[in-house]
There are 2 protein chains.
Amino acid sequence: MKRLSGREVADEITKDLKVRIDALKDKGIEPKLAILRIGEREDDLAYERGVLKLFETTGTTVDVKVLDEKVSQEELDKTFDGLNNDSGIHGILVLRPLPKGLSDEHMRNTIDSGKDVDFMDVRNVGEVLSGVPDCSAPCTAEAVMALIKHYKIETKGKRVTVVGRSLVIGKPVALLLTSANATVTVCHTKTLNVAEECKRADIIVACCGVAKIVSERYVRPDQIIIDVGMNVDENGKLCGDVDYEKVSPIVEAITPVPGGVGSITTAILLKHVVINAERQA
Amino acid sequence: MKRLSGREVADEITKDLKVRIDALKDKGIEPKLAILRIGEREDDLAYERGVLKLFETTGTTVDVKVLDEKVSQEELDKTFDGLNNDSGIHGILVLRPLPKGLSDEHMRNTIDSGKDVDFMDVRNVGEVLSGVPDCSAPCTAEAVMALIKHYKIETKGKRVTVVGRSLVIGKPVALLLTSANATVTVCHTKTLNVAEECKRADIIVACCGVAKIVSERYVRPDQIIIDVGMNVDENGKLCGDVDYEKVSPIVEAITPVPGGVGSITTAILLKHVVINAERQA
């Protein structure tokens, strides 16, 4: 079994970005990300820590704006106005899901599309569907594709089963893989036999947010397993959507959690901030 | 074998639209579609004839604008300007594919998104991906869903194989079916064994534009076959992507060509024009 390290991919991406960040600074431009966090959810804080750590090593500024989880829609809109109009900010990352009572759709339509580094905006989403060459996808979906590219995993003519149909990862990654010539099946809570759909795949992308649901019953030898999940198990330990302990001895290759897709996601986020800053230059 | 008549579905849709068109006329609004045709391709002309015929029966005006196939990008842009700015026009249908040398992407970004009745615009496309409730999809994709609704075909938990990955039909119909709780697999030219992927499905949606490619080898009893193809066979006769003669005796239900999905597509186009006219009212 080969362990597909996400850190290795992230390092490669970051190395290139460091050069570009230095070039920007030579021109007097300081790339800057604003994180908008509402409340104190543990997984939001974990993601935030990861971002702060990586961005710091590359000399990129992060402004964290924290709002109370009881914030009104009006107050949130005002915050967005401020961030949208601040020309020193090149990207806005909103930690999601938003607390109940705040509309995700409204938020996606409020954020300045030029600062939408996680590509939540409907126009950006359309580009993924349209297969616009080199378009930017939501960070996690793009992270999966970066992993595939880095490890030279063949997708052409391969069967891929995607477990999960979210707008952030399941649907866009299915479209990107279809464009990459894979034959893609998307499973979800209403799929009758997810194990069977997984077993016949050459590559499984697990992204449904259910801890360790992809068990030894779902896999067979020669498969490549990409685990996008980020959950907390019964012992309070970080784990993926795949039962790593039971699945890894069977398959050909697998990404760990942590140290897998999540690490790449943060590097892709940095890439999107740098691209926006370069556009301004 | 049950023959799934598209005309029956189209009649049902049109009946409701006639009432709405009359109500618009009472308010002094005449719904009007502009068709933009470049050149004299036979399939364009066939589609155009179908639209003219249906729209006439409902008292809806169609202006056909014909440009020479050697038209320049500049001239085409000017034509779009005219159509976009004419407040008497509620929808613009561009017959595609465009002749070589004219950019489809440029065209999609030039058309007024409020008059884009085939939902080619990247923003509209994004709504389909995002699963915006009651969003409008490209006419053919929406026609397939209307057929499924009319004949009360169960999609929840069913396996659907879509043959074709175009932006006009394959990808949007796959997303709509995923939202309708089906487990969807998208096949295309790089899929290794399309026949096998088809055989394991409960529902096949054939939309690859290859005459009669779905043969008796692709199907089994109890399946429902939805044929979106519109091709000309070796004898110059209209045919679908499914070999109707050989497939129909085997399966549970099938749409014919002509008289299947195509008929519904024209009715959906009319619906989009009426919706736009109602918005203006």
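Residues numbered from 1 in each chain as written. Chains lettered and ligands numbered in written order. Predicted model: local features only at pLDDT ≥ 70, side-chain atom pairs only at ≥ 80, totals over all residues.

A. Structural context of the overall build of chain A. In terms of regular secondary structure, chain A is built from 10 helices and 11 strands. For 281 residues, the compact-globule formula gives about 19 Å, and the C-alpha radius of gyration of chain A, at 19 Å, lands near that figure. For chain A, with 281 residues in total, the buried portion stands at 47%. In chain A, once contacts between residues fewer than 6 apart in sequence are set aside, the share between residues at least 24 apart is 70%. (Helix = DSSP H or I, 4+ residues; strand = E, 2+ residues; numbered from the N terminus. Rg over C-alpha atoms; globule rule 2.2 N^0.38 Å. Buried ≥ 20, exposed ≤ 12 C-beta atoms within 10 Å, placed from the backbone. Contact = placed C-beta atoms within 7 Å.)

B. Quick look at the sheet that holds strand β4 (residues 91-94) of chain A. Residues and elements named next belong to chain A. Spatial ordering of the open sheet is given by β3-β2-β4, a layout of three strands whose pairing is parallel. Whereas interior strands pair on both sides, the edge strands pair on one side only; in this sheet they are β3 (61-67) and β4. Strand-to-strand twist in this sheet, taken as the mean axis angle between neighbours without regard to direction, amounts to 20°. Taken together, the seven bridges between strand β2 (residues 32-38) and β3 define a ladder with parallel strand orientation. Residue pairing for β3: leucine 36 is matched across the bridge by lysine 65. (Pairing = 2+ DSSP bridges. Axes fitted to C-alpha atoms, helices over the stretch in contact; angles between N-to-C directions.)

C. Summary view of the packing of helix α1 (residues 6-26) of chain B against helix α10 (residues 261-280) of chain B. Residues and elements named next belong to chain B. Put simply, α1 and α10 touch, their axes get as near as 9 Å, and they point 20° apart. Between α1 and α10, the angle falls in the class roughly parallel. Once α1 is placed against α10, the crossing between them reads as left-handed. The segment α1 lies against α10, with Gly6, Arg7, Val9, Ala10, Ile13, Thr14, Leu17, Arg20, Ile21 and Leu24 engaging Val261, Gly262, Ser263, Ile264, Thr266, Ala267, Leu270, Lys271, Val274, Ala277 and Glu278. Broken down by class, the residue content of the contact of α1 with α10 amounts to 12 nonpolar, five polar and four charged. (Parallel < 35°, antiparallel > 145°, perpendicular 65-115°, else oblique. Left-handed = near helix turned anticlockwise from the far one by under 90°. Nonpolar A, V, L, I, M, F, W, Y, C, P; charged D, E, K, R; others polar.)

D. Geometry of unusual backbone geometry. Arginine 96 of chain B connects to proline 97 of chain B through a cis peptide bond whose omega is 0°. Examined against the element boundaries, proline 97 of chain B turns out to sit in the loop between β4 (91-94) and α4 (104-110). In this model, valine 257 of chain B is joined to proline 258 of chain B through a cis peptide bond whose omega is 0°. Even without glycine at this site, aspartate 222 of chain A takes up a positive phi of about 75°. Turning to its location among the elements, aspartate 222 of chain A is positioned in the loop between β7 (203-206) and β8 (224-227). For aspartate 222 of chain A, a count of 10 C-beta atoms within 10 Å gives the class exposed.

E. Structural context of the domain arrangement of chain A. Taken domain by domain, chain A comprises domain 1 (18-113) and domain 2 (139-262). Relative placement of domain 1 of chain A and domain 2 of chain A: their C-alpha centres are 28 Å apart. (Domains from an automatic or database assignment.)

F. The arrangement of the sheet that holds strand β6 (residues 183-187) of chain A in detail. If you walk across this open sheet you meet the 12 strands as β1(A)-β11(A)-β8(A)-β7(A)-β5(A)-β6(A)-β6(B)-β5(B)-β7(B)-β8(B)-β11(B)-β1(B), and the pairing is mixed. The open sheet has two edge strands with one neighbour each: β1 (2-3) of chain A together with β1 (2-3) of chain B. As paired strands, β1 of chain B and strand β11 (residues 253-254) of chain B are joined by two bridges and run parallel to one another. Within the sheet, the bridge partner assigned to arginine 3 of chain B lies in β11 of chain B and is isoleucine 254 of chain B.

G. Structural view of the packing of helix α6 (residues 139-150) of chain A against helix α7 (residues 170-179) of chain A. Residues and elements named next belong to chain A. The geometry of α6 relative to α7 is characterised by a closest axis approach of 8 Å and an angle of 35° between their N-to-C directions. When the axes of α6 and α7 are compared, the crossing they make is right-handed. For the pair α6 and α7, contact is made by Ala141, Val144 and Met145 and by Pro172, Val173 and Leu176, respectively. Considered class by class, the residues forming the contact of α6 with α7 number six nonpolar, no polar and no charged.

H. Focus on helix α10 (residues 261-280) of chain A. Here α10 of chain A contains 20 residues, and its C-alpha end-to-end distance of 29 Å stays within 8% of the 28 Å for a straight helix at 1.5 Å per residue. Most of α10 of chain A sits out of view: 16 of its 20 residues are buried. (Expected span 1.5 Å × (residues − 1).)

I. The arrangement of the environment of valine 242 of chain B in detail. Looking at where valine 242 of chain B falls in the secondary structure, it is placed in the loop between β10 (238-239) and α9 (244-247). With 14 residues separating them in the primary sequence, valine 242 of chain B and proline 256 of chain B have C-alpha atoms 9.0 Å apart.

J. Layout of α1 of chain B. Residue and element names in this part refer to chain B. In a regular helix each residue adds 1.5 Å, so 21 residues correspond to 30 Å; α1 covers 30 Å between its end C-alpha atoms and thus fits that length. Among the residues making up α1, those that are buried are Gly6, Val9, Ala10, Thr14, Leu17 and Ile21. Looking at the buried positions of α1, the neighbouring elements they touch are α2 (42-57), α6 (139-150) and α10. Within two residues after α1, glycine 28 carries a phi angle of roughly 85°, on the positive side.

K. Representation of the environment of valine 219 of chain B within the structure. All names here are of chain B. Relative to the helices and strands, valine 219 resides in the loop between β7 (203-206) and β8 (224-227). The sequence separation of valine 219 and glutamate 196 amounts to 23 residues, and the corresponding C-alpha distance is 8.8 Å. When residues no more than four places from it in sequence are discounted, the contact partners of valine 219 are Cys198, Lys199, Ile225, Val247, Ile250 and Val251.

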